Amino acid sequence: MAGMPFPAATSTNDEGHLVVDGCDLVEIAAEFGTPAYLFSVSEMRSRARAYLEAFSARSDRFEVLFASKALPVTAAYRLFAEQGLSVDVASGGELTMALAAGYDPQRIYMHGNNKTDKELELADRSGVGTLIVDSFDEIERCERILDRKVDAMVRVTPGIEPSTHDYIQTGQIDSKFGFGLEDGSAEAAIDRVLGSDRLELVGLHCHIGSQIFAIEPFRLAVEALATIAGDWCQMVNLGGGLGISYLSEDDPPEIEEYVELKVEAVKRCFGDGVRIQVEPGRSLVGTAGLTVYTIGTVKRIPGVRTYVAVDGGMSDNLRPMLYDARYEAVLADRPEREGDTEVTVAGSHCESGDILIRDVSLPDPAVGDILVIPATGAYGYAMANNYNGMPRPPVVFLDDGSASAVVRRETWQDLMARDR
Ligand SMILES: Cc1ncc(COP(=O)(O)O)c(C=O)c1O
């Protein structure tokens, strides 16, 4: 277990069971059932604090936004609002959740490469503070729909390609997001918004990708944005993107390094008067989350491999199928025991590709064991689905020895709730 990406408040108790935020995961699995998404509240709080402290040591003009796509759960919006974070929403649904959680609309930043009339109407009505404008069509739509003048930032694709998976790169020229720098679209969008009677241009935005370990491209992105900034530029939002550990061998940069680089680049390129914003998602919630499953079958194919099948899979964690994402695992009642059996952890879905972990060594895994996969906190619940009629797992917050389901488990009946 040493080195695996568990929350900081992880230990074992006298029985040798895995304990997170004071909760014995064998007991938690029995109480809430499996599969279940568990979150260390102390980890989420301390990651938020790490961002705020890193900024406040370097700047008095900054804002940290919770990129809520990573964990769109009302309780998470509430938690990060309490920590003093603003919020990034990318749809009417996320906006509805942020408002329901009590977010001050002025602290809500709304994204989306194809915001609909209905979404813009909701943003207008509910007093959303800032729109991140993504296309010329959207600018026209805003002018038709908005009843008030709303602050706007222009989303720029600066042509920077960080080293990450193709599907989670967003800052390159060939992208569905934002306005390109090289082809002059970004400058044209700036002129267009400056001339708008419904949008008030206040800044620039870019998000170059996600799960980034080599942070130098962020500096290049700031330098690129600075080439088109004018007097109107009061704030620069540099997106999220900081990578996290999924495996023991991963070594992502610290939050402080990432903040240091961004603050230095913005001060150098834009001066002290511009507010710097970041909107982390994965690095706030990723390592705070873990998923517990029950092993239901162990299939040994002599000379080939051993499949351990759990009661979830691609419906609760799409990342292995989507990005070839890799994970590690332990057994909740003996996390410290050395692995002695090489297995492949498979899900329960009707797809051969429904594999959560291709190779992992576990200590004599057996039917009934509780398998725990760490670092599933970001984009797992967010991308959960009902493939094969699988009800979505609950979200359980673990906090100083107490556990509460902040999202209940879906039922088989829920699967038909919208059927006519
Ligand atoms: C515009 C924008 N901001 C922030 C984020 C959050 O990124 P991350 O989870 O890598 O911090 C994303 C995610 O892709 C995004 O698209």
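None of the values given here were measured: they were computed from a predicted structure.

(A) Here's a closer look at the overall build of the protein. The helix and strand inventory of the protein stands at 11 helices and 21 strands. With the C-alpha coordinates aligned to their principal axes, the bounding extent of the protein is approximately 70 × 50 × 40 Å. Every one of the 420 residues in the protein was classed for burial, and the buried ones make up 50%. Within the protein, residue pairs in contact and separated by at least 24 positions form 68% of the contacts whose partners lie at least 6 positions apart.

(B) Highlighting the site of the ligand. If you check the shell around the ligand, you find 18 residues, and the closest are Ala67, Ser210, Gly240, Gly281 and Arg282. Looking at side-chain class alone, the shell around the ligand contains five nonpolar, nine polar and four charged residues.

(C) Structural view of the nonpolar core. Residues Leu25, Val154, Val292 and Val372 are the most contacted members of the largest nonpolar core, which totals 128 residues. Examining the composition of this core, we find that seven residues originate from one element, helix H9 (residues 255-270), more than from any other. Two domains each put at least three residues into this core: domain 1 (10-33 + 288-416) and domain 2 (41-284).

(D) Structural view of the domain arrangement of the protein. Taken domain by domain, the protein consists of domain 1 (10-33 + 288-416) and domain 2 (41-284). Taking the mean C-alpha position of each, domain 1 and domain 2 sit 32 Å from one another. The set of elements that each furnish at least two residues to the side of domain 1 that touches domain 2 consists of helix H11 (319-323), strand S20 (395-399) and strand S21 (402-407). Ranked by the residues each element gives to the side of domain 1 that touches domain 2, the list is headed by S20, at four residues. The residue makeup of the side of domain 1 that touches domain 2, split by class, is 15 nonpolar, one polar and four charged.

(E) Broad picture of the sheet that holds strand S2 (residues 18-20). Read across the open sheet, the three strands follow the order S1-S2-S3; overall the sheet is antiparallel. Each of the sheet's edge strands pairs with one partner strand only, and the pair in question is strand S1 (10-12) and strand S3 (23-24). Sheet topology places S2 next to S3; two bridges connect them, and they run antiparallel. Of the residues in S3, the one forming a bridge with Val20 is Cys23.

(F) Summary view of the pairing of strand S13 (residues 275-278). As judged from the three bridges shared by strand S5 (residues 62-67) and S13, these two strands associate in the parallel manner. When the bridges of S13 are listed, Val64 appears paired with Val278. With three bridges connecting them, strand S12 (residues 235-237) and S13 associate as parallel partners. Among the inter-strand pairings, Asn237 is bridged to a residue of S13, identified as Gln277.

(G) Structural context of helix H2 (residues 41-56). In this model, H2 (16 residues) spans 22 Å end to end at C-alpha, consistent with the 22 Å of a helix rising 1.5 Å per residue. Among the residues making up H2, those that are buried are Val41, Glu43, Met44, Arg47, Ala48, Tyr51, Ala54 and Phe55. Among the structural elements, strand S4 (36-40), S5, helix H3 (74-82), H9, helix H10 (282-285) and S20 are those in contact with the buried residues of H2.

(H) Seen up close, helix H8 (residues 216-226). Restricting attention to buried positions, one finds in H8 the residues Pro217, Phe218, Ala221, Val222, Ala224 and Leu225. All buried residues of H8 project into a common sector of 165° when viewed along the axis, lining one side. On its buried face, H8 sits against strand S9 (150-157), strand S11 (199-205), S12 and H9.

(I) Layout of unusual backbone geometry. Here the amide bond leading from Thr34 into Pro35 is cis, since omega sits at -10°, within 30 degrees of zero. Among the secondary structure elements, Pro35 is positioned in the loop between helix H1 (25-32) and S4. You will see that Ala375, though not glycine, has its phi angle at about 65°, which is positive. Counting through the fold element by element, Ala375 comes out in the loop between strand S19 (370-374) and S20.

(J) Representation of the pairing of strand S6 (residues 86-89) in the model. Of the two faces of S6, the one lined by Ser86 and Asp88 and the one lined by Val87 and Val89 are each fully buried. Bridge count between S5 and S6: three bridges; the pairing is parallel. Bridge pairing in S6 links Phe66 to Val87. In the classification by handedness, the crossover that spans S5, the intervening H3 and the parallel S6 is right-handed. Crossover handedness for the path S6 to helix H4 (residues 92-100) to strand S7 (residues 108-110): right-handed.

(K) View of the packing of H8 against H9. Their axes nearest at 9 Å, the elements H8 and H9 cross at an angle of 20°. By the angle between their directions, the pair H8 and H9 is classed as roughly parallel. Of the two elements, H8 crosses H9, and the hand of that crossing is right-handed. Contacts from Phe218, Arg219, Val222, Glu223 and Ala226 in H8 reach Leu261, Lys262, Ala265, Val266, Cys269 and Phe270 in H9.

(L) Representation of the environment of Gly339. Along the chain, Gly339 falls in the loop between strand S16 (330-331) and strand S17 (341-346). Exposure remark for Gly339: the 16 C-beta atoms within 10 Å place this residue in the partly exposed category. Separated by 24 residues in sequence, Gly339 and Pro363 place their C-alpha atoms 4.1 Å apart. Once you skip the residues sitting within four places of it in the chain, Gly339 turns out to touch Ser361, Leu362 and Pro363.

(M) Inspection of the packing of H2 against H9 at higher detail. Two elements in contact, H2 and H9, have axes separated by 9 Å at closest approach and are oriented at 40°. Taken together, the axes of H2 and H9 lie oblique to each other. The interaxial crossing formed by H2 with H9 has right-handed handedness. Two secondary-structure elements touch here, H2 through Ala50, Tyr51, Ala54 and Phe55 and H9 through Ile255, Glu256, Val259 and Val263. Its residues assigned to classes, the contact of H2 with H9 comprises seven nonpolar, no polar and one charged.

What counts, and at which threshold
Residues numbered from 1 in each chain as written. Predicted model: local features only at pLDDT ≥ 70, side-chain atom pairs only at ≥ 80, totals over all residues. Helix = DSSP H or I, 4+ residues; strand = E, 2+ residues; numbered from the N terminus. Buried ≥ 20, exposed ≤ 12 C-beta atoms within 10 Å, placed from the backbone. Contact = placed C-beta atoms within 7 Å. Near = placed C-beta within 6 Å. Nonpolar A, V, L, I, M, F, W, Y, C, P; charged D, E, K, R; others polar. Core = buried A, V, L, I, M, F, W, Y, C linked by C-beta atoms within 7 Å. Domains from an automatic or database assignment. Pairing = 2+ DSSP bridges. Expected span 1.5 Å × (residues − 1). Arc of directions from axis to C-beta. Right-handed = clockwise from strand over helix to strand, strands pointing away. Axes fitted to C-alpha atoms, helices over the stretch in contact; angles between N-to-C directions. Parallel < 35°, antiparallel > 145°, perpendicular 65-115°, else oblique. Left-handed = near helix turned anticlockwise from the far one by under 90°.

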